[in-house]
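The chain contents come next:
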Amino acid sequence: EGERLLREHPHQLYTILYLNIRNFKRFNQRFGVRDGDQILLQTYLTLREHIHAGELLARTSDDHFFLLLRCGREETLRRLDEMLEGLEERLTSCFHIDRSSIAQGAYLVRNRDSDFLVLLDRARVASTYQRQTETCRFYDDAISRQTERELALDDSFQSAIENHEFQIYIQPKVRPGQTQKSGGEVLVRWQH
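A short tour of the structure in this document, coming up. For clarity, every value in this text was computed on a predicted model and none was experimentally measured.

This part is about the packing of helix α2 (residues 24-31) against helix α3 (residues 33-48). Between α2 and α3, the shortest axis-to-axis distance is 6 Å and the interhelical angle comes to 135°. Considering the angle they form, α2 stands oblique to α3. Residue-level inspection shows F24, F27, N28 and F31 of α2 in contact with α3, the latter providing V33, D35, G36, I39 and L40. Looking at side-chain class alone, the contact of α2 with α3 contains six nonpolar, two polar and one charged residues.

Listed below in structure tokens is the structure:
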């Protein structure tokens, strides 16, 4: 459905917004599955109230919600603030969920030729880089470069192990005023 909307409205500005209730499993454990389902339902109903014609809302799994909004960055932030306010009204008193409990990421759709799942993932990835002081993190070139570096690093781990590039060093510990070693600390350095 999202791919169709992007295809049918090639000149319309769209933003994909991702919301995730942080530590949702803990809410299920604390309140039970029935109340956990109520949290999800109230979240869905609140978000649905903020959807306009030609926009989409989907829950992909557990507490992962995606919205396809017909607007740019500033309008997305304004509407997100309204959504978070509505969520706080519904969820704070019963479940102690406020806006700080909700991870937020967004992707301003630029390349419509990309697979739609990749676009969704960019909004999700942006949320993992959200700082505490940020209302919402938008996917940008800095995040793209960081994820590329992390992937390259992950890819090089296996060959580093095979090539014995990880070296173990023992650093002695000495207590102040004593000349004898009181223990040691093991350090691993990557001779990359």
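Let us now look at the sheet that holds strand β4 (residues 102-108). Read across the sheet, five strands follow the order β2-β3-β1-β4-β5 without closing on themselves; strand pairing throughout is mixed. Taken across any chain shown, the strands that pair with only one partner, and hence form the sheet edges, are β2 (56-61) and β5 (137-138). Bridging between β2 and strand β3 (residues 64-69) involves five bridges; their strand directions are antiparallel. Within the sheet, the bridge partner assigned to A58 lies in β3 and is F66.

Under the criterion given, the structure shown has twelve salt bridges. The residue E1 makes a salt bridge to R4 at a minimum N-O spacing of 2.3 Å. E1 gets classed as exposed once you look at its relative accessible area, which sits at 56%. Classification of R4 as partly exposed rests on a relative accessible area of 28%. The salt bridge involving E134 is made with R131; its shortest N-O contact spans 3.5 Å. Taken together, the shared-partner salt bridges in this structure form one network comprising R131, E134, R137 and D140.

A cluster of nonpolar side chains, contributed by I168, I170, V186 and V188, occupies part of the molecular surface with about 440 Å² of accessible area. Going through the elements one at a time, β6 (166-174) and β7 (181-190) are the ones with two or more residues in the nonpolar patch. Looking at where I170 falls in the secondary structure, it is placed in strand β6. Relative accessible area serves as the criterion here: at 66%, I170 is assigned to the exposed category.

It is worth spelling out helix α4 (residues 73-95) at this point. Helix geometry: α4 is bent most strongly at E88, by close to 35°. Where α4 is concerned, the buried positions are T76, R79, L80, M83, L84, G86, L87, L91 and F95. Those residues of α4 hidden inside the fold are in contact with β1 (15-21), α2, α3, β3, β4 and β5. H96 lies just past α4 and shows a positive phi near 60°.

One can describe the packing of α3 onto α4 by two numbers: an axis separation of 9 Å at closest approach and a directional angle of 160°. The angle between the axes of α3 and α4 places the two elements in the roughly antiparallel class. Crossing hand, α3 versus α4: right-handed. Each of D35, Q38, I39, Q42, T43, L45, T46 and L47 in α3 lies in contact with α4, whose residues at this interface are M83, G86, L87, R90, L91 and F95. Residues of the contact of α3 with α4, tallied by class, amount to seven nonpolar, five polar and two charged.

Here is what the cut-offs are and how they apply
- Residues numbered from 1 in each chain as written.
- Predicted model: local features only at pLDDT ≥ 70, side-chain atom pairs only at ≥ 80, totals over all residues.
- Heavy atoms only, no water.
- Axes fitted to C-alpha atoms, helices over the stretch in contact; angles between N-to-C directions.
- Helix = DSSP H or I, 4+ residues; strand = E, 2+ residues; numbered from the N terminus.
- Parallel < 35°, antiparallel > 145°, perpendicular 65-115°, else oblique.
- Contact = heavy atoms within 4.5 Å.
- Nonpolar A, V, L, I, M, F, W, Y, C, P; charged D, E, K, R; others polar.
- Pairing = 2+ DSSP bridges.
- Salt bridge = Lys/Arg side-chain N within 4 Å of Asp/Glu carboxyl O.
- Buried < 20%, exposed > 50% of the residue type's maximum accessible area, 1.4 Å probe, protein only.
- Patch = residues over 30% accessible without salt bridge, like charges linked within 9 Å, V, L, I, M, F, W, Y side chains within 5 Å.
- Areas by Shrake-Rupley, 256 points an atom, 1.4 Å probe, with all protein chains shown as cover.
- Bend = angle between axes of the 7 residues up to and from the residue.
- Left-handed = near helix turned anticlockwise from the far one by under 90°.

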